[in-house]
Structures are given as C-alpha cells and as structure tokens.
Amino acid sequence: MRKVVHHPLLILLLSCLACHRGEESSRPAHLTYTVQQYEGRFLHEWIAFTLTTIQQKQLSAPEAARILGYIGLTAWEAVCHGVPEGRSLSGQIRDYLAPEFDPDRVYDWGIVLCSAMRSALPELFEGLSNNQHSLLEKLAATQEDSLFRRGQTERVRQDSRLLGGRIAAAINARARGDGRYRIRQITPVLPKRDTEHPQYWIPTAADQKPVEPLWGQVKTFLWQSDSLPCLPAIPPTYSTTSDSEWYLQAQELVSIPRNTSTRQVAFHWEDGTGRSSTAAGHWINIARQLLEREGSHIGDCARTYCLLGLAAADGCSLSWSVKYQFFLLRPISYIQENINAHWQPLIFTPAHPEYLNEQAVLASTCSTLLIRLLGNSGLIDQTHLGSLLYAPEGGPFVLPERVFPSLTQAGQEAAFAAIVGGTHFRRSCEEGWKAGLCLAERIWQRIRFSR
C-alpha cells in the first residue's frame with residue numbers, strides 16, 4: 001500500500017480554503033457582493049454630473065448645498081446594505097424613512113446606486129434641460145451595462161433596480177416635504193435701512209434682491225430649525241467712529257494689497273452663482289479629488305460624500321438663518337459711505353447679507369470632517385484650473401491649480417479668503433470658522449454609519 005504523507009503547509013492551506021468556503025456559504029444573500037468590489041468611479045461620475053448641473057443651472061449656495069445633502073444621502077442609502085455592519089441613516093435624518101430591504105436577495109450595489117441616482121436627480125433639480133436629461137440617461141445606461149457585463153443574472157439586475165427606485169422615492173418624498181417648495185410661494189417683507197437701523201443691508205448692484213431670505217424655514221437634515229447648534233456671537237453695534245470694530249475691520253479690507261498672490265487666493269475660493277458649483281460644491285470636489293487619489297471603493301466614497309453633503313446643507317442653513325436674523329450691511333456699502341467712495345472689492349459682492357460668512361462655516365466643517373475621514377494630507381486642488389475670470393481691474397485672468405500642504409491650511413485659507421476678496425469682515429469669517437468647528441464635531445458624534 002502506498003503511504004500518503006500529509007505536509008503541514010498543505011493541511012493548513014486546505015483548512016483555510018475550507019474555512020473560506022464555509023464563510024461564503026454562511027454569508028447572507030445581500031452580502032454576496034460587497035462595496036469593496038466596486039470602484040469609486042461609479043459614484044464619482046454621478047457627483048461630477050451633479051456639480052456640473054449645479055453650475056449650469058446657476059443655483060444659489062443654499063440650493064446647491066441642499067441638493068448635495070440629498071445626493072450624499074442617496075449615495076449612502078444605495079450602498080449601505082452592501083457594507084458589512086453597514087447601517088441606514090433612517091431615523092438619524094429628520095423625517096427620513098428608508099424603504100423596505102430584503103436581506104435574502106442578492107443585489108448589485110453599483111446598479112442599486114445607478115438606479116437611485118437616475119430617479120432622484122431629475123426631481124431634486126426641478127427641471128433638467130433636454131441635454132441634461134440625455135446626459136443623465138447615457139451615464140445610467142453606460143454604468144449599468146458595464147456592471148451587468150460582470151455576469152450578474154437578470155433577477156439580480158431587476159431586484160437592484162427596484163431597490164434603487166425605492167430609495168430614490170424615499171429621498172424625493174423627504175425633499176418634497178422639507179419646505180423648499182413652500183417658501184417659493186411666499187413674498188417676504190424685509191427690513192428697510194433707515195436712520196434707526198443704519199446697519200441693515202442694502203443692494204450693492206442695480207436691481208439686486210437678497211437671495212433666499214426665507215431659507216431658515218427649510219427643514220435641516222439633523223436638527224430642528226428653531227434649535228440649530230453652534231450659533232455665532234451677536235455682531236458688534238454699528239458705528240462709524242474711527243476706533244470702532246466696524247471701522248477698523250473695514251480699514252483692513254481697504255489696506256489689502258492688490259497683487260497676483262491676493263488675486264489667486266480670492267478667485268480660487270470665489271464660488272459664486274454660475275461661476276462654479278458654489279462653496280459646498282467646491283468642498284465636495286475637493287473630496288472627489290482626494291478619494292480618486294486614494295483609490296477608495298464605492299462604500300468609503302459614499303460615506304464621505306454623505307457626511308460632507310449633510311454638513312454643507314446644514315452649515316448653509318445655519319449661516320442663512322443668521323444672515324437674515326441680523327441683516328447686516330456689506331463691506332462695500334460701509335466703506336464707500338465712510339472711508340472711500342470709489343473703493344471696490346477684488347471680487348463681486350453676492351446678493352445676501354454679510355453676517356455669517358457661509359464659506360467660512362463650510363470650509364471649517366468640511367475640512368475638519370475630511371481630516372477625520374482621510375487624514376490631514378496635502379492636496380492639489382484643481383477645481384478652478386484654467387478658469388477665466390474678469391475682475392473690476394480687468395481680465396481675463398487664468399487660474400492655476402492651488403497646492404496646499406494640508407487640509408487644515410486649505411480650510412483656513414478658504415475661510416478667510418473673503419477678507420482678501422473684500423466681501424466679508426474679519427469677524428464674520430472668524431465666527432464662521434468657530435461655528436464650523438462646532439458643527440463638524442456635533443455631526444461626527446451624531447451620525448452612525450455602522451451597527
């Protein structure tokens with residue numbers, strides 16, 4: 001009889017293979033495919049479509065942030081059940097109820113995401129153009145075809161489509177009830193500047209009306225609108241005396257030199273309506289660049305976009321509620337009345353009150369959360385690479401990419417860039433930065449992505 005010799009390494013290998021097969025057979029059906037098997041590009045392409053559409057439709061800052069909040073939520077909800085120990089945000093987001101989910105079915109998480117985005121985006125944008133609709137459908141069809149060619153069955157594809165559609169329906173139901181559509185039907189009565197209220201906002205350009213004065217009534221994702229956390233300090237009393245905070249901070253803006261360095265700082269963070277996808281979109285795009293560099297899978301990408309989207313949306317709501325509580329004058333108005341009648345800011349002054357600077361709030365909140373998620377690494381921000389700009393001093397100016405040694409420095413530059421640009425006083429930026437740090441910590445402690 002032939003003697004069989006069992007080599008110890010062979011026995012160990014066979015044992016490991018048997019153990020692996022046992023784990024696969026005991027894995028629940030919905031984890032047949034997990035998010036680690038999907039490239040982040042499937043989500044990055046939807047984010048790029050969203051940012052481009054925000055710019056093309058010239059949405060205001062709070063409108064854009066709201067959409068990015070819902071898109072981030074859609075992304076996470078579409079893939080969360082493909083994350084081992086993943087958890088839906090149903091019950092963590094105000095008035096959001098996730099659809100039913102069957103753990104005994106097999107899902108392709110890329111197709112779930114594709115289906116959810118395909119159904120959610122047209123309603124969130126309230127009227128895509130024919131060209132935008134065509135691009136959306138082409139993206140969805142291309143992605144699904146690419147995913148289906150990996151060998152999934154028709155049953156898996158249909159189950160995945162249906163789940164994505166149910167997620168989009170839940171997202172859209174929440175969006176329809178958040179108050180955005182209701183405030184469009186209201187014409188607000190805004191305060192008038194007079195001798196008793198010299199601090200009140202006035203138009204800084206012809207036919208200018210303040211943007212979204214009722215945005216504070218739109219339902220936030222995480223807090224009651226009447227109990228927002230992280231509110232800033234009350235601004236100083238209006239004064240024109242030369243030793244007052246108003247005057248000294250205005251004088252600071254007047255004294256900032258106009259050169260290539262200051263121009264690049266100001267314009268790199270100038271994310272006005274139609275110029276870019278707004279300040280919220282700029283930070284989402286920074287996240288995209290970092291995630292692409294890291295080669296992150298679709299689950300980590302969804303969590304990052306969700307966290308930043310919710311932070312941007314609620315950060316904008318915080319800033320906009322404060323803006324129309326105090327209704328403060330912009331620097332250009334104060335400076336032309338009290339210091340230099342011919343002074344102009346480096347960048348165009350947007351049509352909403354000065355305090356609180358939402359760019360500072362979002363820079364602080366988003367940079368802090370990105371550091372928690374990805375580390376305080378350096379980055380090359382290409383958001384405005386090659387942009388053509390026309391300024392009061394002429395143009396066009398072509399913007400280069402901007403290099404930062406850390407996310408902290410990128411956040412701080414963004415938060416205080418409005419001082420260089422001449423559109424915000426220092427206090428507005430400082431209080432915005434502090435509010436953003438507070439908001440980031442509250443959000444980090446509040447949201448749970450895993451069981």
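Only a predicted model underlies this, so the values are computations on that prediction, with no experimental measurement involved.

Just checking my understanding: could you explain the overall build of the protein chain for this structure?
Secondary structure summary: the protein chain contains 15 helices and four strands in total. Its C-alpha radius of gyration of 25 Å places the protein chain within 12% of the 22 Å reference for a compact globule of 451 residues. When its C-alpha atoms are laid out on the principal axes, the protein chain stretches across 105 × 45 × 40 Å. Look at the contacts in the protein chain between residues 6 or more apart in sequence, and 82% of them connect residues 24 or more apart. Total accessible area on the protein chain stands at roughly 19,900 Å², and carbon and sulfur atoms take up 53% of it. Once the 44 positive and 44 negative side-chain charges of the protein chain are each reduced to a mean point, those two points are 5 Å apart.

Explanation requested: the pattern of salt bridges in the structure shown.
Within this structure, the stated rule accounts for 28 salt bridges. Put simply, R426 and E252 hold a salt bridge, and the shortest N to O gap is 2.5 Å. Remark: E252 occurs in helix α8 (residues 245-255) and R426 occurs in helix α15 (residues 426-446); sequence separation between them is 174 residues. On the basis of relative accessible area, R426 is assigned to the partly exposed category, the value being 29%. Residues joined by salt bridges that share partners form a network here, namely E63, E126, R180, R184 and E212.

What am I meant to see in the state of the cysteines here?
Chemically, a disulfide is nothing more than a covalent bond linking the sulfur atoms of two cysteines. The final tally for this structure, using the stated rule, is one disulfide. Covalently, C230 is tied to C438 through a disulfide, its sulfur atoms 2.1 Å apart. On the sign convention where negative means left-handed, the S-S torsion of about -75 degrees between C230 and C438 marks this disulfide as left-handed. A residue pair is termed long-range when its members are at least 10 positions apart, and C230 in the loop between α7 (180-183) and α8 and C438 in helix α15 qualify at 208 residues. By relative accessible area, C230 is classed as buried at 11%. Among the residues examined, C438 registers a relative accessible area of 26% and is labelled partly exposed. No disulfide involves C114; its sulfur sits 16 Å from that of C301, the nearest cysteine. On the accessibility criterion, C114 (0% relative accessible area) is buried.

Quick question: what am I supposed to make of the side chain of S364 here?
Along the chain, S364 turns up in helix α13 (residues 358-374). For S364, a relative accessible area of 0% puts it in the buried group. A distance of 2.9 Å separates the side chain of S364 from the backbone nitrogen of L437, its partner in a polar contact.

Help me understand the packing of helix α14 (residues 407-421) against α15 in this model?
Packed helix pairs are characterised by how far apart their axes lie and by the angle those axes make with each other. Packing of α14 against α15 brings their axes to within 8 Å, and their N-to-C directions diverge by 155 degrees. Taken as axis vectors, α14 and α15 run roughly antiparallel relative to one another. Two packed elements cross with a definite hand, and for α14 against α15 that hand is right-handed. Only R426, C429, E430 and W433 of α15 make contact with α14, whose side of the interface consists of G411, Q412, A415, F416, A418 and I419. Residues of the contact of α14 with α15, tallied by class, amount to six nonpolar, two polar and two charged.

Before we go on, may I ask you to explain helix α9 (residues 260-268) in this structure?
Since one α-helical turn is 3.6 residues long, residues separated by three or four positions face the same way. Among all positions in α9, only T262, R263, V265, A266, F267 and H268 are buried. Of the residues that open α9, the one with a side-chain oxygen 3.1 Å from the backbone nitrogen of S261 is N259.

Please explain the layout of surface pockets as it appears in this structure.
Once rolled over the atoms, a probe with the size of a water molecule shows which space is left empty. In this structure, the largest pocket spans a volume of roughly 580 Å³. If you trace the largest pocket, you find 34 residues lining it, with E270, D271, G272, T273 and P350 closest to the centre. Among the secondary structure elements, those contributing two or more residues to the lining of the largest pocket are α9, α10 (278-294), α13, β2 (388-391) and α14. Among the elements that make up the lining of the largest pocket, the one with the highest residue count is β2 (three residues).

What's the story with the environment of D226 in this structure? I'm lost.
Mapping D226 onto the fold places it in the loop between α7 and α8. When the C-alpha atoms of D226 and S321 are compared, they prove to be 9.6 Å apart, with 95 residues separating the residues in sequence.

Whenever I open this one, helix α4 (residues 109-124) confuses me. Can you help?
With 16 residues, α4 should reach 22 Å at 1.5 Å per residue; the first-to-last C-alpha distance of 22 Å fits that figure. Burial runs high along α4: twelve of the 16 residues are buried. Taken together, the buried residues of α4 touch α2 (41-56), α3 (61-79), α5 (130-148), α6 (154-176) and α11 (298-326). Here α4 starts with a cap whose side-chain oxygen sits 3.0 Å from the backbone nitrogen of G110, and that cap is D108. Of the residues one or two after α4, E126 is the one with positive phi, at around 50 degrees.

Help me understand the nonpolar core in this model?
When a protein is soluble and globular, its nonpolar side chains tend to lie buried together. Among the nonpolar cores identified, the biggest contains 136 residues, and L43, W46, W76, L89, L113 and W283 are the most heavily contacted of them. Looking at this core, the element that brings in the most residues is α11, giving 17 residues. Look past the residues within four positions of L43 in its chain and what remains in contact with it is A75, L113, M117, I298, C301, A302 and Y305.

Got a minute to help me understand the packing of α10 against α14 in this structure?
Across the interface, α10 lies against α14 with an axial gap of 13 Å and an inter-helix angle of 165 degrees. As far as their axial angle goes, α14 and α10 are roughly antiparallel. Regarding α10 and α14, the two cross each other, and that crossing is right-handed. Between α10 and α14, the residues in contact are W283, I286 and L290 and L407, A410, G411 and A414, respectively.

So what exactly am I meant to see when it comes to unusual backbone geometry here?
In most cases, non-glycine residues show a negative phi, while peptide bonds are predominantly trans. Backbone geometry places Q58, a non-glycine residue, at a positive phi of 55 degrees. Residue Q58 is classed as exposed on the basis of its relative accessible area, which comes to 52%. Positioned with a positive phi, D207 is a non-glycine residue whose angle comes to about 60 degrees. Residue position: D207 is located in the loop between α7 and α8. Judged by relative accessible area, D207 falls into the exposed class, the value being 79%.

Quick notes on the rules
Residues numbered from 1 in each chain as written. Predicted model: local features only at pLDDT ≥ 70, side-chain atom pairs only at ≥ 80, totals over all residues. Heavy atoms only, no water. Helix = DSSP H or I, 4+ residues; strand = E, 2+ residues; numbered from the N terminus. Rg over C-alpha atoms; globule rule 2.2 N^0.38 Å. Contact = heavy atoms within 4.5 Å. Areas by Shrake-Rupley, 256 points an atom, 1.4 Å probe, with all protein chains shown as cover. Lys, Arg positive; Asp, Glu negative; His and termini not counted. Charge placed at Lys NZ, Arg CZ, Asp CG, Glu CD. Salt bridge = Lys/Arg side-chain N within 4 Å of Asp/Glu carboxyl O. Buried < 20%, exposed > 50% of the residue type's maximum accessible area, 1.4 Å probe, protein only. Disulfide = S-S within 2.5 Å. Polar contact = N/O pair within 3.5 Å; in protein donor to acceptor, adjacent residues only side chain to side chain. Axes fitted to C-alpha atoms, helices over the stretch in contact; angles between N-to-C directions. Parallel < 35°, antiparallel > 145°, perpendicular 65-115°, else oblique. Left-handed = near helix turned anticlockwise from the far one by under 90°. Nonpolar A, V, L, I, M, F, W, Y, C, P; charged D, E, K, R; others polar. 1 Å grid on protein atoms, 1.4 Å probe; cavity = no way out; pocket = protein on both sides within 12 Å on 5 of 7 lines; lining within 4 Å. Points joined across faces, edges and corners; volume = space filled by probe spheres on them. Expected span 1.5 Å × (residues − 1). Core = buried A, V, L, I, M, F, W, Y, C linked by side-chain atoms within 4.5 Å.

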